[in-house]
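Reading the structure
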Amino acid sequence: MKVTINAEKCQGHGRCFSIAPNLFDCDDLGNGFVIGDGTLSADTIEVARLCQANCPEHAIDIEE
Ligand code: F3S
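Chains are numbered independently. Their residues run from 1 in the order of the written sequence. Local features are withheld for residues below a pLDDT of 70 in this predicted model, meaning they are given only at 70 or higher, and side-chain atom pairs are given and counted only at 80 or more; totals for whole chains, interfaces and linings count all residues. Side-chain measures were taken over the full set of non-hydrogen atoms in the model, leaving aside hydrogen atoms and water.

What follows concerns the nonpolar core. Among buried residues, the Ala, Val, Leu, Ile, Met, Phe, Trp, Tyr and Cys ones that are joined through side-chain atoms within 4.5 Å form a nonpolar core. Exposure categories follow from relative accessible area, calculated using a 1.4 Å probe and restricted to protein chains: below 20% of the type maximum is buried, above 50% is exposed, and the middle band is partly exposed. Formed by 17 residues in total, the largest nonpolar core has its most connected members in Val-3, Ile-5, Cys-16, Phe-24, Leu-40 and Ile-60. Listing elements by their share of this core, those giving two or more residues are strand S1 (2–5), helix H1 (15–19), helix H2 (45–54) and strand S4 (60–63). Looking at this core element by element, the count peaks at three residues for H2. Residue contacts are counted whenever heavy atoms from the two residues lie within 4.5 Å of one another. Those residues in contact with Leu-40 that lie beyond four places of it in its chain are Met-1, Lys-2, Val-3, Leu-23, Ile-45, Ala-48 and Ile-62. Secondary structure follows DSSP: runs of H or I at least 4 residues long count as helices, runs of E at least 2 residues long count as strands, and numbering of each begins at the N terminus.

Okay, here's the thing in structure tokens:
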């Protein structure tokens with residue numbers, strides 16, 4: 001499974017990198033991006049889903 005952020009939807013609300021700084025970081029504009037290639041492990045799937053549910057712009061996608 002893999003997590004991605006849709007840069008066109010992201011408005012920099014910052015919940016993703018606040019909740020999971022191990023999965024997400026922000027650029028100079030405050031917009032979130034995925035650290036590394038976004039591959040999720042058994043340990044990170046749940047927190048990635050939490051971030052997805054908390055993004056007001058629905059910018060976070062999780063692919064099976
Ligand atoms: Fe962007 Fe959503 Fe994170 S708007 S900064 S992907 S919480």
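The next point concerns the site of the ligand. When we say a residue is near a molecule or strand, we mean one of its heavy atoms is within 4 Å of it. If you check the shell around the ligand, you find Cys-10, Gln-11, Gly-12, His-13, Gly-14, Arg-15, Cys-16, Phe-17, Gly-32, Cys-55, Glu-57 and Ile-60 and nothing else. Space inside and on the surface of the protein is sampled on a 1 Å grid over the protein atoms alone, with a cavity defined as a set of points where a 1.4 Å probe fits but cannot get out and a pocket as an open set with protein on both sides within 12 Å along at least 5 of 7 lines; lining residues have an atom within 4 Å of a point. Put plainly, a molecule is in a cavity or pocket when over half of its atoms are within 2 Å of the grid points there. Mapping the ligand onto the cavity grids shows that it belongs to the largest cavity. The dominant element in the shell around the ligand, judged by the number of residues it contributes, is H1, at three residues. Residue classes follow a fixed rule: Ala, Val, Leu, Ile, Met, Phe, Trp, Tyr, Cys and Pro count as nonpolar, while Asp, Glu, Lys and Arg count as charged, and any other residue, Gly among them, counts as polar. Of the residues assigned to the shell around the ligand, the class counts are five nonpolar, five polar and two charged.

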